Amino acid sequence: MRFSIFSVADHYPEEPRTIRELYAQILDEIELADELGFSAFFLAEHHFHEYGLVPSPPTLLGAAAERTKQIGLGVAVAVLPFHQPLAAAEEYAMLDQMTGGRLVLGVGSGYLKHEFEGFYLAPWEKRARFDEALKIMMQAWEGKPFSYHGLYHHVEHTRIAVLPLQKPHPPLWIAILRQEAAYHVGKQGQNIMLIPYATSETKDDLKSVIDEHYRGYTETANAERPDIAVALHTYVSESPGAARAEAGSTQPLRA
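Keep in mind the model is a prediction, meaning the values are calculated, not measured.

*Asks:* I'd love a proper account of the overall build of the chain, names of residues and values included.
*Replies:* For the chain, the helix and strand inventory stands at nine helices and nine strands. The C-alpha radius of gyration computed for the chain amounts to 19 Å, which stays within 12% of the reference 18 Å derived for 255 residues, consistent with globular compactness. The principal-axis extent of the C-alpha atoms belonging to the chain is close to 60 × 40 × 35 Å. Here the chain holds 255 residues, and the buried ones make up 43% of them. Contacts spanning at least 24 positions in sequence make up 67% of the contacts within the chain whose residues lie at least 6 apart. If you sum the accessible surface of the chain, you get close to 14400 Å²; carbon and sulfur atoms cover 55% of it. Charge separation in the chain, taken as the distance between the mean sites of 22 positive and 33 negative side-chain charges, equals 6 Å.

*Asks:* So what about the pairing of strand β7 (residues 172-175)? Which residues, and what values?
*Replies:* For strand β4 (residues 103-108) and β7, the ladder comprises three bridges, and the chain directions are parallel. When the bridges of β7 are listed, V107 appears paired with I174. Bridge analysis of β7 against strand β8 (residues 191-194) gives three bridges, and the strand direction is parallel. Across the sheet, residue A175 finds its bridge partner in β8, namely M193. Once the chain exits β7 it traverses helix α6 (residues 179-187) before rejoining the sheet at β8, and the crossover so formed is right-handed.

About the criteria used
Residues numbered from 1 in each chain as written. Predicted model: local features only at pLDDT ≥ 70, side-chain atom pairs only at ≥ 80, totals over all residues. Heavy atoms only, no water. Helix = DSSP H or I, 4+ residues; strand = E, 2+ residues; numbered from the N terminus. Rg over C-alpha atoms; globule rule 2.2 N^0.38 Å. Buried < 20%, exposed > 50% of the residue type's maximum accessible area, 1.4 Å probe, protein only. Contact = heavy atoms within 4.5 Å. Areas by Shrake-Rupley, 256 points an atom, 1.4 Å probe, with all protein chains shown as cover. Lys, Arg positive; Asp, Glu negative; His and termini not counted. Charge placed at Lys NZ, Arg CZ, Asp CG, Glu CD. Pairing = 2+ DSSP bridges. Right-handed = clockwise from strand over helix to strand, strands pointing away.

Here it is, written out as structure tokens:
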């Protein structure tokens with residue numbers, strides 16, 4: 001088991017902290033997490049709202065690469081329907097080079113209504129756009145000229161010049177919010193990233209999702225167990241009692 005840190009990087013305009021100060025604070029947190037030995041630091045990609053103020057995680061993580069030595073630098077998640085897939089493949093390959101092979105990458109299809117409205121995309125498009133983008137990125141990272149023709153994206157005998165330092169590609173997780181998606185992602189031989197507070201009421205619910213993913217994963221004849229990332233809320237204080245009191249109405253996942 002490995003422990004990492006995840007930040008949505010939410011911003012509060014009514015507070016005195018500026019956007020620039022928020023970014024400086026995040027960089028300080030990443031540097032400290034590196035010194036403390038955390039496995040990775042993940043940033044969320046969000047758009048058009050103060051809920052998350054990192055629309056371009058590679059930009060901030062590129063700065064973090066110069067201030068850290070060993071911590072994985074990651075995204076949870078890169079929202080692939082919002083990006084041209086060849087450009088995304090190049091951008092994250094460049095980041096993997098800049099970090100010395102420390103990129104850890106979660107990818108997803110997005111879920112916030114205001115973001116799809118802002119990009120003028122219909123939510124029903126997201127699954128096909130995500131599937132196409134991921135296929136193109138994976139092929140591009142092979143470093144050979146390739147062609148691809150889908151519903152939304154077309155590539156004709158193109159090769160990207162910048163490839164990831166990690167081979168065949170950086171560690172990759174696919175974020176899911178529905179249990180039925182777990183099996184299909186497992187069948188593709190891919191790891192999953194879960195947010196239990198959005199998907200599970202109990203530990204048994206979470207186990208069911210993981211079991212479904214493992215069932216699909218083993219059907220592809222994979223010898224190794226999948227790598228599953230789980231994002232859980234934490235609250236740090238002087239003692240367990242103080243943490244419970246200060247966190248107020250925050251409830252842990254029920255047993």
